[in-house]
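# Examination of the molecular architecture
Chain residues, written in single-letter form:
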Amino acid sequence: MKQDQRTLEIMCLSSITKNVRCMDKALTGHLTKDHFVHIEPNDKYSYTSKLFEFVMNYWQKSGGSLLTGFVLESSMNEGKTSENIRRKYITLWDEVENFDFDENDFHEVLFLLKKNNGLRTLTTAFEETSDLLANGDLKSTVDTIQKKLDEIQLELSDNFTDKQNFDVSNSAEYFKLEYEKRLTQPELFKGIECGISNIDSKTFGWMPGQIIVFLAPSSGGKSVMLLNSALHANKVCKKKVLYLSFEMNSWLCLLRHVSLSFEIPYDQIKGTDLSPDEMKAIHDGLKSQEGGPYFEYDVNMEDPTPEYIDQKIRELIATKGKPDLLVVDYIGNMTVRKAANGAKDWENQSQAVKGLFLLAKRYNIPVLTAQQINRETIRDTRKSKDDKKFMSYDQAAASGGQNLMHLCTYAIAMEPNREHGYCVLHPVKMRDAWFNPFPVRMNREYNKVTELDEEEQQQILALHGVATGNTTVKEVPSSSRPDGKTPIKRPPGSAFDDKVFDTEVEEEEEFTPVNLDDDRELSVPEWMLYESH
């Protein structure tokens, strides 16, 4: 659609004065008077902007009614508008009312109005910084441009369709509209899948602005899981990936990537033991990816900070395009450039998590990362627990910082069994996408995560329960009770219980206030207590 600014404004005004759904999209798209800038010759200001303001004010004051010509004329009569201005508004309204619009075009009209506003913002940035640059004030120039770029990024954000507030008592049409949009165009409301169906079926994929974290002990498969998810996003979902590795050099990253992509044992490639046919397959396979979505590795181990990642994303935007997925391997190696004097590693990591969150929101991309579960953080947390906090088990003990657990959307714990080559995935924080723990196969030869069928999963879970004392949660069968409450079936040998319960259905117990003077420590499953190396 190629339309000038005036036509776009007329199309938008026609849409939001005739169709409630278009008005709803305009509201959720944060459309403002700044998007209406056309000024007719010999006029001092934009009448389209003034009319837009009137349309939105009437919608708000009337409780959700569209503006009509009768309301417009009545308002001008009450306000004693001059005949000249009155004539301009009536002429404009006639054009708006008679414009033949297609509701299906409104999304593009909205996008083009926002795009044009972004271009104007960029022009303003150049104008405001010309004098600063001429005076050699580089810092102020960069800060001003960055501020304007952030405004543009927010303007063009793909997430502008989310409503900020709604009244359930008036939500029937809103629910129907949103449901039908997801029914007819589901691809528009799904993020980047990780390739594990048990997770993908419960989530909408990794959505822009989210932080997803895998928690695992040392050598528990964190990097393997990150790489498998990133490669799936790149090869299957056709997404651009920026992969930050803060613990391996470029050659090792490439070896691991090639091993997984072509399913050739890592040790064979590392030991330079490839056959001519294997070498040709790898070479031709990598050449075939040229021109496709990039998978960019960055292995800057000297500056593992959010500031550096921000700089890298800007470089990519200017050269190859904004990444669709940011992978950070891993938080335990991160810090910040302006660390407080005497700050501990975990405190710097906590600040780094905040930086990652801001990057996810600023660039509107999902951030996939990992953190280590280890004994030291659990001990430190227990020592520093606040007075009177009974059985304090700060989330920092498992995540390396409260900020990570607070800011992430999904947190998934990995319980590896290296001897038998599988890993059980546990939901830690899943918001609206909870799943029952399930195993995946971990192929150590070429670092591949493979899904198991239902029968294999049940077999492994049964063996896993015997080996670990039933730390895996089992689904509770449904049952009816006269009082309407759900019966609780307690698994035997739970590591979080003070005693071992029989496998019987028990009545729910009455709530008993916690004894705040009790300073016992919380039991932790053995699989969470790997020593870090």
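All figures in this text were calculated on a predicted structure; none of them were measured in a lab.

### Here's the deal with helix α5 (residues 83-98)
The end-to-end C-alpha distance of α5, which contains 16 residues, comes to 22 Å, matching closely the 22 Å that a straight helix rising 1.5 Å per residue would cover. Every buried residue belonging to α5 is among Arg86, Tyr89, Leu92, Trp93 and Val96, and all of these are buried. Along the axis of α5, the buried positions cluster into a sector of 135°, meaning they face one direction only. Residues Glu83, Thr91 and Asn98 are exposed on α5 and point more than 90 degrees away from its buried face. Where the residues of α5 are buried, they touch α1 (5-16), α3 (47-61) and α4 (69-78).

### Brief notes about the pairing of strand β1 (residues 211-216)
Summarising burial for β1: six of the six residues are buried, a large majority. Relative to strand β5 (residues 367-372), β1 is paired through six bridges, and the arrangement is parallel. Paired with Ile211 across the bridge in β5 is Val367. As judged from the four bridges shared by β1 and strand β6 (residues 410-417), these two strands associate in the parallel manner. Directly across from Ile212, in β6, lies its bridge partner Tyr410.

### Points about the pattern of salt bridges
Summed over all chains, the structure comprises 17 salt bridges. Between Asp143 and Lys139 there is a salt bridge, and its shortest N-O distance comes to 3.0 Å. Taken together, the residues Asp143 and Lys139, both in helix α7 (residues 138-155) and four residues apart, mark about one turn of the helix. What makes Asp143 partly exposed here is its relative accessible area of 40%. Since its relative accessible area comes to 60%, Lys139 is described here as exposed.

### Quick notes on the environment of Asn443
Inspection of the secondary structure assignment puts Asn443 in strand β8 (residues 438-443). The class for Asn443 is partly exposed, based on a relative accessible area of 23%.

### Considerations on the confidence of the model for the chain
Looking at the chain, the pLDDT average stands at 79 and 79% of residues meet or exceed 70. Under a pLDDT of 50 for its full length, residues 471-525 has, in the predicted model, 66 contacts with residues more than four places off or in other chains.

### Things to note about the packing of aromatic side chains
Applying the stated criterion across every chain yields a total of nine aromatic pairs. Relative to Tyr89, the ring of Tyr47 has its centre 5.2 Å away and its plane inclined at 70°; by these criteria the two rings are edge-to-face. Taken together, the residues Tyr47 in helix α3 and Tyr89 in helix α5 connect sequence positions 42 residues apart. The same class applies to Tyr47 and to Tyr89, which are both buried. An angle of 65° between the planes, with centres 5.4 Å apart, marks the rings of Phe435 and Phe438 as edge-to-face. A residue is classified by how much of its surface remains accessible, and Phe435, at 3% relative accessible area, is buried. Given the relative accessible area of 3%, Phe438 is considered buried. Connected via pairs of aromatic rings, a cluster forms that spans Tyr45, Tyr47 and Tyr89.

### Notes on the environment of Arg337
In this structure, Arg337 sits in the loop between β4 (325-329) and α15 (345-363). In sequence terms Arg337 and Pro306 are 31 residues apart; their C-alpha atoms lie 8.4 Å from each other. Each residue touching Arg337, except ones within four places of it in the same chain, is listed here: Asp303, Thr305, Glu307, Tyr308 and Gln311. Polar side-chain contacts of Arg337 include one of 2.6 Å to the side chain of Asp303.

### Examining the nonpolar core
Counting 36 residues, the largest nonpolar core has Ile196, Ile199 and Leu425 as its most contacted members. Taken together, the elements giving at least two residues each to this core come down to β1, α10 (222-235), β2 (241-245), β4, β5, β6, β7 (422-429) and β8. Contacts of Leu425, omitting those with residues within four sequence positions, involve Ile196, Ile199, Met225, Ile412, Ala413, Met414, Phe435, Pro437, Phe438 and Val440.

Quick notes on the rules
- Residues numbered from 1 in each chain as written.
- Predicted model: local features only at pLDDT ≥ 70, side-chain atom pairs only at ≥ 80, totals over all residues.
- Heavy atoms only, no water.
- Helix = DSSP H or I, 4+ residues; strand = E, 2+ residues; numbered from the N terminus.
- Expected span 1.5 Å × (residues − 1).
- Buried < 20%, exposed > 50% of the residue type's maximum accessible area, 1.4 Å probe, protein only.
- Arc of directions from axis to C-beta.
- Contact = heavy atoms within 4.5 Å.
- Pairing = 2+ DSSP bridges.
- Salt bridge = Lys/Arg side-chain N within 4 Å of Asp/Glu carboxyl O.
- pLDDT = per-residue confidence, 0-100.
- Phe/Tyr/Trp six-rings, centres within 6.5 Å; stacked < 30°, edge-to-face > 60°.
- Polar contact = N/O pair within 3.5 Å; in protein donor to acceptor, adjacent residues only side chain to side chain.
- Core = buried A, V, L, I, M, F, W, Y, C linked by side-chain atoms within 4.5 Å.

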